[in-house]
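Coordinate inspection notes
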Amino acid sequence: MYSTFFRLAESVTTKNLDLRQASVALYPPIPLYRRLLRAHRRLPIEMRSLGDDYVKSEFRRHREITNPVHIMGFLTQWKMYLDELPRDPSDSRSFKKLDPTVYEKMSAEQLGQLYEFMHATKEIWKPVNGEQAQYGTKK
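An account of the accompanying structure is given in this report.

1. Let's talk about a nonpolar patch on the surface
A cluster of nonpolar side chains, L98, V102, Y103 and L111, forms an exposed patch at the surface whose accessible area comes to about 310 Å². Within the secondary structure, V102 is located in helix α6 (residues 100-105). Looking at V102, the relative accessible area reads 31%, which means it is partly exposed.

2. Quick look at the layout of surface pockets
Taken as a whole, the second largest pocket holds about 220 Å³ of empty space. In terms of lining residues, the second largest pocket is bounded by 13 residues, among which P29, F59, H62, R63 and F74 are the most central. Partitioned by chemical class, the residues of the lining of the second largest pocket number eight nonpolar, two polar and three charged.

3. A few points about helix α3 (residues 29-39)
Listed in full, the buried residues belonging to α3 are L32, L36, L37 and A39. Within α3, the buried residues cover an arc of 160° as seen down the axis, which keeps them to one side. Its buried side turned inward, α3 meets α4 (45-61) and α5 (68-84).

4. Re α4
Taking 1.5 Å of rise per residue, the 17 residues of α4 would be expected to cover 24 Å, and the 24 Å separating its terminal C-alpha atoms lies within 8% of that figure. Of the residues making up α4, those classed as buried are G51, D52, V55, E58 and F59. Down the axis, α4 shows its buried residues gathered within 140° of arc, on one side only. Exposed residues on α4 whose side chains face more than 90 degrees from its buried face are I45, D53, R60 and R61.

5. Concerning the pattern of salt bridges
Inspection of every chain in the model, using the stated rule, returns three salt bridges. Its salt-bridge partner being K79, residue D83 comes within 3.0 Å of it at the nearest N-O pair. Here the residue D83 and the residue K79 both occupy positions in helix α5, the gap between them amounting to four residues, near one helical turn.

Thresholds, definitions, all that
Counting starts from 1 at the beginning of each chain's written sequence and moves along it residue by residue. Only residues with pLDDT of at least 70 are given local features in this predicted model, and only at 80 or more are side-chain atom pairs given and counted; all residues enter the totals for whole chains, interfaces and linings. To obtain the side-chain values, all non-hydrogen atoms of the structure were used and water was disregarded. Patches draw on residues past 30% relative accessible area with no salt bridge. Two like charges within 9 Å are joined, as are two nonpolar side chains (Val, Leu, Ile, Met, Phe, Trp, Tyr) within 5 Å. Under the convention used here, a 1.4 Å probe and the Shrake-Rupley method define accessible areas, while residue burial counts only the protein chains that appear. Counted as salt bridges are all cases of a side-chain nitrogen of Lys or Arg within 4 Å of a carboxyl oxygen of Asp or Glu. In DSSP terms, a helix is any run of H or I states spanning at least four residues, a strand is any run of E spanning at least two, and both are numbered starting from the N terminus. Throughout this description, buried means an accessible area under 20% of the type-specific maximum (1.4 Å probe, protein chains only), exposed means over 50%, and partly exposed covers the range between. Using protein atoms alone on a 1 Å grid, points that fit a 1.4 Å probe yet trap it form a cavity, whereas open point sets bounded by protein on both sides within 12 Å along at least five of seven lines form a pocket; residues with an atom within 4 Å of a point count as lining. Grid points are joined across faces, edges and corners, and a volume is the space filled by probe spheres set on the points. Side-chain classes follow a simple rule in which Ala, Val, Leu, Ile, Met, Phe, Trp, Tyr, Cys and Pro form the nonpolar group, Asp, Glu, Lys and Arg form the charged group, and the remainder, Gly included, forms the polar group. The arc in question is the one spanned by the directions pointing from the helix axis to the C-beta atoms. Note on contacts: a residue pair is in contact if any heavy atoms of the two residues lie within 4.5 Å. In this scheme, a helix's expected span is set at 1.5 Å multiplied by one less than its residue total.

Next up, the structure:
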C-alpha cells in the first residue's frame, strides 16, 4: 500500500521514462487538465492566458484520440510540463532551458511552432527597466 503512495508522489521526470511506471504516476486526463489550469494561476496574467489557451486547445485537439500509446505520450508530456512549472514564477532562476535532445526529435512543423512561440512570448514578456537591472545582477 505504501509503495503505491510513493509511486504516485514521484515525478515522472526523476527517472528515465518507462511507460509501465509512468502510468502509475500519471493523472487521468480531466484531473491533469484541472491541475494544469490551477498551476497557471501562479503565473503572470499574460503568461497565464497564453498557457491556458494552449492547454485548452491541445486537450480539445486530442479529445478523440484512441491510440493508447499516443494517449500515454500526451499525458506523460503534460505531466512533465506540470512538474517543470515553477513554484515561484517571480524567480527567474526557476525556469529551465529546453534540452537539446528535444530539438533533434522535433519535426520541421514543431520547430516552426516553437519559433513562433518564442517571438510571441518575447513581445508579451518584456521586462521593466528595474527588472532588467535586478535580473542582471542575479546569477
